[in-house]
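Structural overview for review
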Amino acid sequence: MSDNITRLLGIMSRLRDPQSGCPWDLKQSYATIVPYTLEEAYEVADAIARESFDELKDELGDLLFQVVFYAQIAKEEGRFEFDDCVAAICDKLERRHPHVFGSVSVADALNADTVLQNWEALKSNERKDSGLYSVLDNIPQAMPALSRAYKLQKRCANVGFDWPNVEGCWDKVKEEILEVEQTQASSAELSEELGDLMFALVNVVRKHKLDPEAVLRAANSKFEKRFRAVEQALAAEGKTPQQSSLDEMGALWHKVKKHAQ
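Here goes a summary of the coordinates provided.

**Some remarks on the overall build of the protein**
Counting its regular elements, the protein contains 13 helices and 0 strands. Its helices and strands taken in sequence order, the protein reads α-α-α-α-α-α-α-α-α-α-α-α-α from the N to the C terminus. Here the protein has a C-alpha radius of gyration of 24 Å; the compact-globule value for 261 residues is 18 Å, and the former is much larger. For the C-alpha atoms alone, the extent of the protein along its principal axes is close to 65 × 50 × 45 Å. The buried share of the protein, reckoned over its 261 residues, is 25%. Taking all contacts inside the protein whose residues are at least 6 apart in sequence as the whole, residues at least 24 apart take part in 50%. For the protein, the exposed surface amounts to about 18200 Å²; the carbon and sulfur share of it is 57%. Charge centroids of the protein, computed over 32 positive and 44 negative side chains, lie 3 Å from each other.

**Quick word on the side chain of E59**
Its location among the elements puts E59 in helix α4 (residues 53-76). Among buried Asp, Glu, Lys and Arg side chains, E59 stands out as unpaired, with R50 the closest opposite charge at 6.0 Å. When residues no more than four places from it in sequence are discounted, the contact partners of E59 are E40, E43, V44 and A47.

**Regarding the packing of helix α12 (residues 212-236) against helix α13 (residues 246-260)**
Across the interface, α12 lies against α13 with an axial gap of 9 Å and an inter-helix angle of 120°. Here α12 is positioned oblique relative to α13, judged by the angle of their axes. For the pair α12 and α13, the sense of crossing is right-handed. Facing F223, R226, F227, A229, V230, A233 and L234 of α12, the residues of α13 in contact are M249, L252, W253, V256, K257 and A260. Taken together, the residues that form the contact of α12 with α13 break down as 11 nonpolar, no polar and 2 charged.

**Re the nonpolar core**
Counting residues in hydrophobic clusters, the biggest one holds 9 residues: L8, M12, I33, V68, F69, Y70, A71, I73 and F82. Looking at this core, the elements with two or more residues in it are α1 (3-15) and α4. It is α4 that contributes the most residues to this core, 5 residues altogether. What M12 contacts, discounting residues up to four positions off in sequence, is D25, F65, V68, F69 and Q72. Core analysis: the next-biggest nonpolar cluster, separate from the first, contains 8 residues, V173, L197, A200 and V204 among them.

**Thoughts on helix α3 (residues 30-49)**
The terminal C-alpha atoms of α3, which comprises 20 residues, lie 29 Å apart, in line with the 28 Å expected from a rise of 1.5 Å per residue. Restricting attention to buried positions, one finds in α3 the residues I33, T37, E40, V44 and A47. Looking at the buried positions of α3, the neighbouring elements they touch are α4. Directly after α3, the chain includes E51, whose backbone phi takes a positive value near 55°.

Rules and cut-offs
Residues numbered from 1 in each chain as written. Predicted model: local features only at pLDDT ≥ 70, side-chain atom pairs only at ≥ 80, totals over all residues. Heavy atoms only, no water. Helix = DSSP H or I, 4+ residues; strand = E, 2+ residues; numbered from the N terminus. Rg over C-alpha atoms; globule rule 2.2 N^0.38 Å. Buried < 20%, exposed > 50% of the residue type's maximum accessible area, 1.4 Å probe, protein only. Contact = heavy atoms within 4.5 Å. Areas by Shrake-Rupley, 256 points an atom, 1.4 Å probe, with all protein chains shown as cover. Lys, Arg positive; Asp, Glu negative; His and termini not counted. Charge placed at Lys NZ, Arg CZ, Asp CG, Glu CD. Salt bridge = Lys/Arg side-chain N within 4 Å of Asp/Glu carboxyl O. Axes fitted to C-alpha atoms, helices over the stretch in contact; angles between N-to-C directions. Parallel < 35°, antiparallel > 145°, perpendicular 65-115°, else oblique. Left-handed = near helix turned anticlockwise from the far one by under 90°. Nonpolar A, V, L, I, M, F, W, Y, C, P; charged D, E, K, R; others polar. Core = buried A, V, L, I, M, F, W, Y, C linked by side-chain atoms within 4.5 Å. Expected span 1.5 Å × (residues − 1).

Set out below in structure tokens:
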């Protein structure tokens, strides 16, 4: 174990010391740390998206601290320690890469797609060994809904429950659009129908081998960039969006959009 890892574990232990530790750290539990873990994970993703690699080093350190925090609580409860977490991931990686660490030859792996198929098959066997028999077992309920929809569809596709081509997915999207349009806005069914439409769109994205979170993140970024440009154009005229009409903002939006192309 590196000196810095040992140092980090020592810092965490002191922060949780019942006599001389930090009151805030002592108050925390697994559940109360979760929001910070998610925040740190998003900050890692944001640093990568912005290619800010100096920040990435710090953000990865913050994320590592979350792992150390959970491990410290577990150690206090006699469940496991940080080293057990490291051993668990080492065992898993070696087990799921038999073409690197096991008896399967590299030639048998063929390509990245074959490796991924083997990975999913090994995960499936592991779930069965743990008493989880549904292909949908062990998909976290707490995942963002868009990512979980993608994961559910991908698991089902791995066992053959999938549209044969993207055209079938598009037909389903069109069907769901009609159902949304035929549902009254005040109806309790509208939320369900809109959910079905979004789920169907995720299927289209998946069929194109794209990640729905990444696709929507890019769309968010594009919208944000264009609206900020509209704000800047209005500011140059001494106005704010609140002081402008929809027609004015719409005209600037189209101008910005055309310039971006």
